[in-house]
Amino acid sequence: MAVNKHDRRNSSGEPNGDPTTPFAVKDCALIALATGRKARNLREMRDHLLTVSLGSIYHHFWGGLLLPRFEHREFNNDFASWARHGLHEDKLAEKLAVIDPTEFADLERLRQEIVDVIEQRLDESEYIPWAKRNMEFEFIHSKIVVFDTYQRIERPEQLPGAVRKLSGSSIFFHFIDSRRRPPAGQDDFSAWLTSCGAGYAGLCGSLKNIDPYFTSLIHIREMLSRTMAEYFSGRERL
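Conventions and cut-offs
- Residues numbered from 1 in each chain as written.
- Predicted model: local features only at pLDDT ≥ 70, side-chain atom pairs only at ≥ 80, totals over all residues.
- Heavy atoms only, no water.
- Buried < 20%, exposed > 50% of the residue type's maximum accessible area, 1.4 Å probe, protein only.
- Helix = DSSP H or I, 4+ residues; strand = E, 2+ residues; numbered from the N terminus.
- Arc of directions from axis to C-beta.
- Contact = heavy atoms within 4.5 Å.
- pLDDT = per-residue confidence, 0-100.
- Polar contact = N/O pair within 3.5 Å; in protein donor to acceptor, adjacent residues only side chain to side chain.
- Axes fitted to C-alpha atoms, helices over the stretch in contact; angles between N-to-C directions.
- Parallel < 35°, antiparallel > 145°, perpendicular 65-115°, else oblique.
- Nonpolar A, V, L, I, M, F, W, Y, C, P; charged D, E, K, R; others polar.

K.L.:
Tell me about helix 9 (residues 201–208), and please be specific about residues and values.
P.N.:
Every buried residue belonging to helix 9 is among Leu203, Cys204 and Leu207, and all of these are buried. Burial along helix 9 is one-sided: seen end-on, the buried residues are contained in an arc of 100 degrees. Across helix 9 from its buried face, at more than 90 degrees, point the exposed residues Ala201 and Lys208.

This is the structure we're talking about:
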């Protein structure tokens, strides 16, 4: 059954993370919704960004991770891609491309960073770049729909093997989207491990160092599984 709750509770309503509570594996999908907003030039882009929903900001930074692709993405966010291909503004595209959403405490601050970069470009020249008619930027708002897979991870030691088999969208939900839910900035795996005892602090620290943005979900899954496997393998040798 699909749910829209962003919590860490299992099918019994108990919080994920209790040492006696299995980790409830969820899956998800992003539902893209048209906002009716389009930008034909850089000034219109700036004006829309000031008032567009935070769900749209989220979609244009993170939504691309869940889209099936056969090649590496040139840009990690849609704003940078439009600056390059819609406006042919290479320098602006580069500045937008290096914005890392994980460095901002919330989406509102991320929004302001994008606006600041665009306003800086607008101040540099009286010429306002325009896009061709079929190259306007269309703002999309997305909502996440969550599914219970009914898969449960009973003990922390089972994490490496279990994570290796998770779908990319499960990785997205538990390692990326989870950072928007309390406790702020923490992925679901770390939240569960923390509740299982202080002995997993080292592993939580290693997971925190994994970059969830400038890579693919497949690569994130590999890094998570490898990091977990190395941690538990090291504990066994002690």
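This is not the end of the story, as more comes after the structure.
K.L.:
I'd like a rundown of the environment of Lys38, residues and numbers included.
P.N.:
Here Lys38 lies in strand 2 (residues 23–39). The spacing of Lys38 and Phe137 is 99 residues in sequence and 5.4 Å in space, taken between C-alpha atoms. Sequence-distant contacts of Lys38, defined by excluding residues within four places in its chain, comprise Glu44, His48, Glu136, Phe137 and Glu138.

K.L.:
Residue-level account of the confidence of the model for the protein chain, with values.
P.N.:
Averaged over every residue, the pLDDT of the protein chain is 88; the share at 70 or more is 87%. Overall, residues 1–18 carries pLDDT values under 50, and its contacts beyond four positions in sequence, including any with other chains, amount to 53 contacts.

K.L.:
A description of the side chain of Ser169 should follow, citing residues and the corresponding values.
P.N.:
Here Ser169 shows up in helix 7 (residues 168–176). Judged by relative accessible area, Ser169 falls into the buried class, the value being 17%. Within the structure, Ser169 has its side chain in polar contact with the side chain of Asp27 (distance 2.3 Å). A polar contact of 3.2 Å, which involves the side chain of Ser169, links it to the side chain of Ser167. Excluding anything up to four places from it in sequence, Ser169 contacts Asp27, Cys28 and Leu66.

K.L.:
Give me the lowdown on the packing of helix 8 (residues 188–195) against helix 9, citing residues and values where you can.
P.N.:
Taken N-terminus to C-terminus, the directions of helix 8 and helix 9 make an angle of 170 degrees; their axes are 9 Å apart at the nearest point. Taken together, helix 8 and helix 9 sit at an angle that is classed as roughly antiparallel. Here Phe189, Ser190, Leu193 and Thr194 of helix 8 lie close against helix 9, whose contacting residues are Leu203, Cys204 and Leu207. The residue makeup of the contact of helix 8 with helix 9, split by class, is five nonpolar, two polar and no charged.

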